[in-house]
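Structural overview for review
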Amino acid sequence: MEWKTSSLAERPEMRERVLGMASSWPEFVTEDLVGNAHYGRISAEFPEYVLFAEDERGEVVAHAHSVPFALHTEDRGELPARGWDEVLTWAFSDLRRGVRTDTVSAISVVVDPRVQGRGLSALMLSAMRDGARAHGFSEVVAPVRPSAKHLEPHTPIEEYARRVRPDGLPHDPWLRVHARAGAEVHAVAPASMTVSGSLEQWRRWTGLPFDTAGDIEVPGALVPVRCEPERGYAVYVEPNVWMRHAL
């Protein structure tokens, strides 16, 4: 099947359809406060960095969000340990202050569950790289959420990120897509996203009882969620893997 890719800058009328596309994110992942404060702004304030794919019937089947930001500054220079959350904050701070940007960070690649496994994630990643190059950037970075890490929630992320197959490519499927596109594993972002909530919120998000102190394995979570029943809350701190794409 032929997929047609466009940006929201080219076709702003598609914004609602792009943002309304089905996804397979676990519900709790969408409760990150930094993400809630910034993610929806990308399509409004950086429409040229929101790409989407349509099928032959004009249905939106995938989209990719990224943001430009200034990495090579006196007070930054290194990709942040707070990964996804911090790069979003940097990007909108730079926009507000009129800072000259030098790097593009991937924020998400989302494929409609009905068409997953058909190469759309690689297509959108390639389109993101091409778009960054067309805007004059020489590097794309990505705080990657390894797609199979949830199957091993107790494996340290450093160990998981560096695991490779006999052919030298990463063990994880999503890391492998990035590697095939030319990226290299750079570092771990141990606190890339933080989701905190009351026990009642976690019960609603997951359907689990959240009545036991300690680490709780949650479907879709890359690491266990820390539950504190006596204090009435639970916290999830998600690690990601920074990958760098030279363009």
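Up top you'll find the structure we're talking about.
Residues numbered from 1 in each chain as written. Predicted model: local features only at pLDDT ≥ 70, side-chain atom pairs only at ≥ 80, totals over all residues. Heavy atoms only, no water.

1. Section: the packing of helix α4 (residues 120-134) against helix α6 (residues 173-180)
Contact pair α4 / α6: the axes reach a minimum separation of 10 Å and the direction vectors enclose 45°. When the axes of α4 and α6 are compared, the pair comes out oblique. Like other packed secondary-structure pairs, α4 and α6 cross with a definite hand, here right-handed. Residues Ser121, Ala122 and Leu125 of α4 pack against Trp174, Val177 and His178 of α6. Of the residues belonging to the contact of α4 with α6, the class tally is four nonpolar, two polar and no charged. (Axes fitted to C-alpha atoms, helices over the stretch in contact; angles between N-to-C directions. Helix = DSSP H or I, 4+ residues; strand = E, 2+ residues; numbered from the N terminus. Parallel < 35°, antiparallel > 145°, perpendicular 65-115°, else oblique. Left-handed = near helix turned anticlockwise from the far one by under 90°. Contact = heavy atoms within 4.5 Å. Nonpolar A, V, L, I, M, F, W, Y, C, P; charged D, E, K, R; others polar.)

2. Re the pattern of salt bridges
For the structure shown, the criterion picks out 19 salt bridges. Measuring nitrogen to oxygen at the nearest pair gives 2.9 Å for the salt bridge that ties Arg114 to Asp112. A salt bridge links Glu228 to Arg226; the nearest nitrogen and oxygen atoms lie 3.6 Å apart. Because the salt bridges share partners, they merge into one network encompassing Asp215, Arg226, Glu228 and Arg231. (Salt bridge = Lys/Arg side-chain N within 4 Å of Asp/Glu carboxyl O.)

3. Structural notes on unusual backbone geometry
A positive phi angle is found at Phe210, which is not glycine, with a value near 45°. Note on placement: Phe210 falls in the loop between α7 (199-206) and β7 (214-216). Given a relative accessible area of 2%, Phe210 falls into the buried group. (Buried < 20%, exposed > 50% of the residue type's maximum accessible area, 1.4 Å probe, protein only.)

4. Some points on the nonpolar core
Ranked by size, the top nonpolar core spans 46 residues in total, and within it Phe28, Ile42, Phe69, Trp202, Phe210 and Tyr236 carry the most contacts. Sort the elements by how many residues they give to this core and helix α3 (residues 83-97) lands first, with six residues. Ile42 has contacts with Pro47, Val50, His65, Ser66, Val67, Leu88, Phe92 and Ile107, leaving out every residue within four places of it along the chain. Grouped together as the second largest cluster of nonpolar side chains are 26 residues, Leu51, Leu125, Val177 and Val241 included. (Core = buried A, V, L, I, M, F, W, Y, C linked by side-chain atoms within 4.5 Å.)

5. Let's talk about the packing of aromatic side chains
What the rule picks out here adds up to seven aromatic pairs. Both rings, one in Phe28 and one in Tyr236, keep their centres 5.1 Å apart while their planes meet at 85°; by these two values the pair is edge-to-face. With Phe28 in the loop between α1 (15-19) and α2 (33-45) and Tyr236 in strand β9 (residues 233-246), the pair connects residues that are 208 residues apart, well separated along the chain. You can call Phe28 buried: its relative accessible area is 2%. With a centroid separation of 6.1 Å and an interplanar angle of 85°, the aromatic rings of Phe46 and Tyr49 are classed as edge-to-face. Given a relative accessible area of 5%, Phe46 falls into the buried group. Residue classification places Tyr49 among the buried positions, given a relative accessible area of 8%. Each residue in the set Phe28, Trp202, Trp205, Phe210 and Tyr236 is aromatic and connected to the rest through ring pairs, giving one cluster. (Phe/Tyr/Trp six-rings, centres within 6.5 Å; stacked < 30°, edge-to-face > 60°.)

So yeah, pure geometry; function would need other evidence.
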